[in-house]
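Architecture and fold: a report
Listed here are the chains, written in short residue letters.
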Amino acid sequence: MTRGGSVGQVAQQELADSIRSRRVWVFLLLYLAGSVAATILFLNILQKMETHLVSTLGLNPANEPGGVTATLWKSEAFQRMMTQLIGDRKLAESLLSIPPLALFWGWLCLTFGPLLVTLTSSVRIAEEVWTGSVRFVLFRTTRLTWVTGKFCGQAVQLLLAFLLSALGAWVVGAVRMNSFEPLPTALALLVFAMKAWVYGLAYLGLATAVSQMFASPNVASAMSFGVLIAVGMIHGAATFVKAVAWRPVLEVLDLLTPGGHRLDLWRPDASHLVPALVYLLVLAFGYLLVGHLVFRRRDL
Amino acid sequence: MIALEFQGVTKRYGRRTALNGLDLSVPVGSIFGLVGSNGAGKTTAMALAVGLLRLDSGAIDVLSQGAFHPGRQGGRVTLLPQDSRLPLHSRVGELLNYYGRLQGLTGKRLKRSVDEVLDWTHLQDRRESPVRTLSHGMMRRVTIAQAFLGEPDLILLDEPLSGLDPREQVRIREMLQLRRGHQTLLISSHNLHELEALCDQVAFVELGRRIRQDSLDAVIRRRHSLTVVLDGPLTLPGVALTEAIPGVQWTYDSTRSELTLVFPDEWTPARVNGTILPLLIDSECGILEVRLGSGLEREYLSATEPPKIPTGVQ
């Protein structure tokens, strides 16, 4: 069997095993419930804001949320104001062309996706080393093939989670929003789902790397959260700490974190978006390989 | 031809040395028994052979193709690990198919191989069962089944019969014997009677070193030794034995009531029987059993411990 074929076999088994163990269902339901709850919360807040706006400005009241926002969103004055606020006309136009619901959902996935990836994926390899089930496999295929297969299986699971979550947000919007645009919203959600997936892959690479380094699932899980916090702190420092001598170092370090490429995922033009996606994929496999440098030398 | 060779293999876990310059040669087509106490390094040796552990020094040659790598010897070498747990949520048949595909089996060959191993481990009716629903013995049989997928050339079995019920132990032992000459089996076990019934070569390993390696016949002196199990104490004087068979060496284990005789080349077991048994009967020693050879357990104990039983040597 070719190496690609073996990777596919391991990925398929990983996915099938996840589905049977109900772990994937917990994972998917977590995404779905989180997304639906957050979308409902978002629409409730939106409705309250609109109600307040309507009473203040003496406009016609709307029973469902989104009507006033949609009107405002499309008004020239608001668009001019947003362009001035963002300071980038193209980016402002791009953001304002996205339905508000999709915009919120995209932010939600990019913010909480990494946390869920860490929660569910950081133990996968460590768990198999811990139980010894890895000993039935690693004389049949190489360690790299097995790890890559595990990563791919988790990646498919992650994609399913984002798509299901997007569907949940779309259904909530369709039921609750006044001026809901089904097709543009669906397309925007789909685009964000793909962006969030690639962004999530980088974190999956990070979790897989940590999982390769520790035999205990609990330690792997704790270390993954530690790494997640460390990576977040680097990005936070690169964003907010401006006037320091080691700022260039911070900028380089930031490029090595997924967060350093997050802003580019919001940009409409390919010149920003494509390199960001490529960077994130390189980071995903880069992290994976760094973990593998330890894993390939480990006693199992 | 050598299927597996260890040359001065050393493996350390931190400060503890698990293997300390182990030398081992497993001939092609043999059923090879690895005997040693707990912590002697048997499991470590097996894991090293298939690359699950990294060796510190020395060399291991697998199937005359150098150190093990799945890209080179993958599918030709399999392992039955001792205390490893199968993925609990997988189904038995699906898991075996997965392992088979990973080692390069496809299509009808894969199906035939999975059917075969399920048949002889009596698991056909559990093909669709999730592993977590199986009993301990059944899980053990699945782990045995996976080691025989695809007719590998070299199979490493760590305590293969532990956890099986007596009937299954007999069945699996018979199946293992059928492999003699076709495949090379390296078996580690603490059950020395099991090894004696199965193996044609054995090695004693203690403290990570090989103490002895030879054919089973040579180790237990099958052609030059008899063990007589008595129903009570030995009442025949030792001098009567040495007068009847000049050059004989004898030992008597009073705790087991076992008289072991090691005789010179010119004597055959049948001739020794014909000479000794009448003497024992005349001296009113009840005879319960006569075995060829001295027994692996006795040889292992005497090779690894100072002798504690009274010995008569002419």
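Throughout, a residue's number is its position along its own chain's written sequence, starting from 1. As they are written, the chains are lettered A onward and the ligands numbered 1 onward, keeping that order. Residues qualify for local features only when their pLDDT is at least 70, as the model is predicted, and side-chain atom pairs are given and counted only at 80 or more; totals for whole chains, interfaces and linings, by contrast, use all residues.

**Section: the overall build of chain A**
Basically, it comes down to this: In this description a helix means any DSSP run of H or I spanning at least four residues, a strand means any run of E spanning at least two, and both kinds are numbered starting from the N terminus. We call a residue exposed when 12 or fewer other C-beta atoms sit within 10 Å of its C-beta, buried when the count reaches 20 or more, and partly exposed for counts in between; the C-beta positions come from the backbone. Here, residue contact means that the backbone-derived C-beta atoms of the two residues sit within 7 Å.
Helices and strands together make up the secondary structure of chain A, namely 12 helices and 0 strands. Considered along the principal axes of its C-alpha atoms, chain A spans approximately 75 × 50 × 35 Å. Residue burial in chain A is summarised as follows: out of 300 residues, 42% are buried. For chain A, long-range pairs separated by at least 24 residues make up 77% of all intrachain contacts whose partners lie at least 6 apart in sequence.

**Quick look at the domain arrangement of chain B**
Residues and elements named next belong to chain B. Stated precisely, the cut-off is as follows: As used throughout, domain bounds are those supplied by an automatic or database domain assignment. Classification convention: Asp, Glu, Lys, Arg as charged; Ala, Val, Leu, Ile, Met, Phe, Trp, Tyr, Cys, Pro as nonpolar; all other residues, Gly among them, as polar.
On domain assignment, one finds that chain B holds domain 1 (2-216) and domain 2 (225-313). Each partner contributes to the interface: domain 1 provides 9 residues, whereas domain 2 provides 5 residues. Looking at the side of domain 1 that touches domain 2, the elements that each hand over two or more residues are α7 (192-198), β8 (201-206) and β9 (209-215). The class makeup of the residues in the side of domain 1 that touches domain 2 is 6 nonpolar, no polar and 3 charged.

**Comments concerning the packing of helix α9 (residues 182-213) of chain A against helix α12 (residues 270-295) of chain A**
All names here are of chain A. Just so we agree on the cut-off: Every axis in this analysis is a line fitted to C-alpha atoms, fitted for helices over the stretch in contact. Angles between the N-to-C directions lie between 0 and 180 degrees. Should an angle fall under 35 degrees it is called roughly parallel, over 145 degrees roughly antiparallel, and 65 to 115 degrees roughly perpendicular, with every other angle called oblique.
One can describe the packing of α9 onto α12 by two numbers: an axis separation of 7 Å at closest approach and a directional angle of 5 degrees. Considered as vectors, α9 and α12 are oriented roughly parallel to each other. Looking at the contact of α9 with α12 residue by residue, the classes come out as 20 nonpolar, 5 polar and no charged.

**Thoughts on the sheet that holds β8 of chain B**
Residue and element names in this part refer to chain B. Defined as follows: Two strands qualify as a pair provided DSSP detects at least 2 bridges between them.
The strand order across the open sheet built from 6 strands is β5-β6-β7-β3-β8-β9, with neighbouring strands paired in mixed fashion. Of all the strands in the sheet, the pair left with one neighbour each is β5 (77-80) and β9. Taking the axes of each pair of neighbouring strands and ignoring which way they run, one obtains an average angle of 15 degrees across the sheet. Both strand β3 (residues 31-35) and β8 contribute to a ladder of 4 bridges, which runs parallel. When the bridges of β8 are listed, F32 appears paired with Q201.

**With respect to helix α3 (residues 92-102) of chain B**
The buried fraction of α3 of chain B is high, at 9 of 11 residues. Looking at α3 of chain B, one finds that the buried residues are V92, L95, L96, N97, Y98, Y99, G100, R101 and L102 of chain B. On its buried face, α3 of chain B sits against α1 (3-20) of chain A together with α4 (107-120) and α5 (136-147) of chain B. G104 of chain B lies just past α3 of chain B and shows a positive phi near 100 degrees.

**Digging into the sheet that holds strand β1 (residues 2-13) of chain B**
Residues and elements named next belong to chain B. The sheet built from 3 strands is open, its strands ordered β2-β1-β4 with antiparallel pairing. Of all the strands in the sheet, the pair left with one neighbour each is β2 (16-27) and β4 (57-62). Between one strand axis and the next, the sheet turns through 15 degrees on average, direction left out of account. Where β1 and β4 come together, 5 bridges link them in antiparallel fashion. Across the sheet, residue L4 finds its bridge partner in β4, namely V62. Sitting on the sheet, helix α1 (residues 42-49) is in contact with β1, β2 and β4, with an inclination near 115 degrees to β1.

**Here's the deal with the nonpolar core**
What counts, and what does not: In this description, a nonpolar core means buried residues of the types Ala, Val, Leu, Ile, Met, Phe, Trp, Tyr and Cys, linked to one another by C-beta atoms lying within 7 Å.
Within the largest apolar cluster, 142 residues are counted, with the highest numbers of intra-cluster contacts made by A49, L156 and I187 of chain B. Looking at this core element by element, the count peaks at 16 residues for α9 of chain A. When sequence neighbours within four positions are dropped, the list of residues in contact with L156 of chain B reads M46, A49, V50, L79, L80 and L186 of chain B. Counting 17 residues, the second-largest nonpolar core is a separate cluster that includes I245, W250, F263 and V272 of chain B.

**As for the environment of L183 of chain A**
With respect to the helices, strands and loops of the structure, L183 of chain A is situated in helix α9. Separated by 13 residues in the primary sequence, L183 of chain A and W170 of chain A place their C-alpha atoms 9.9 Å from one another.

**Comments concerning α12 of chain A**
Cut-off, in case you're wondering: By this rule, a helix spans an expected 1.5 Å times one less than how many residues it contains.
Its 26 residues place the ends of α12 of chain A 36 Å apart at the C-alpha level, agreeing with the 38 Å of an ideal helix rising 1.5 Å per residue. Those residues of α12 of chain A not exposed but buried are A276, L280, L283, A284, Y287, L288, G291 and F295 of chain A.

**Here's the deal with the pairing of β1 of chain B**
Residues in a regular strand project their side chains so that they alternate between the two faces of the sheet. Residues and elements named next belong to chain B. Across 9 bridges, β1 lies against β2 in antiparallel orientation. Each bridged residue has a counterpart across the sheet, and for E5 the counterpart in β2 is S25. The antiparallel pairing of β1 with β2 creates a hairpin that spans 2 residues between the two strands, and G14 there sits at a positive phi of about 65 degrees.

**Things to note about the environment of L261 of chain B**
For L261 of chain B, the position within the fold is in strand β12 (residues 258-262). Among residues more than four places away in sequence, those in contact with L261 of chain B are S225, L226, V248, W250, V272 and I276 of chain B.

**Section: the interface of chain B and chain A**
Note: interface size is frequently given as the accessible area lost on complex formation between the parts. Counting residues at the interface gives 26 residues for chain B and 21 residues for chain A. Sorting the residues of the side of chain B that touches chain A by element identifies α2 (70-73), β5 and α3 of chain B as the ones contributing at least two each. Sorting elements by how many residues they give to the side of chain B that touches chain A places α3 of chain B first, with 4 residues. Here the side of chain B that touches chain A is built from residues that sort into 12 nonpolar, 10 polar and 4 charged.

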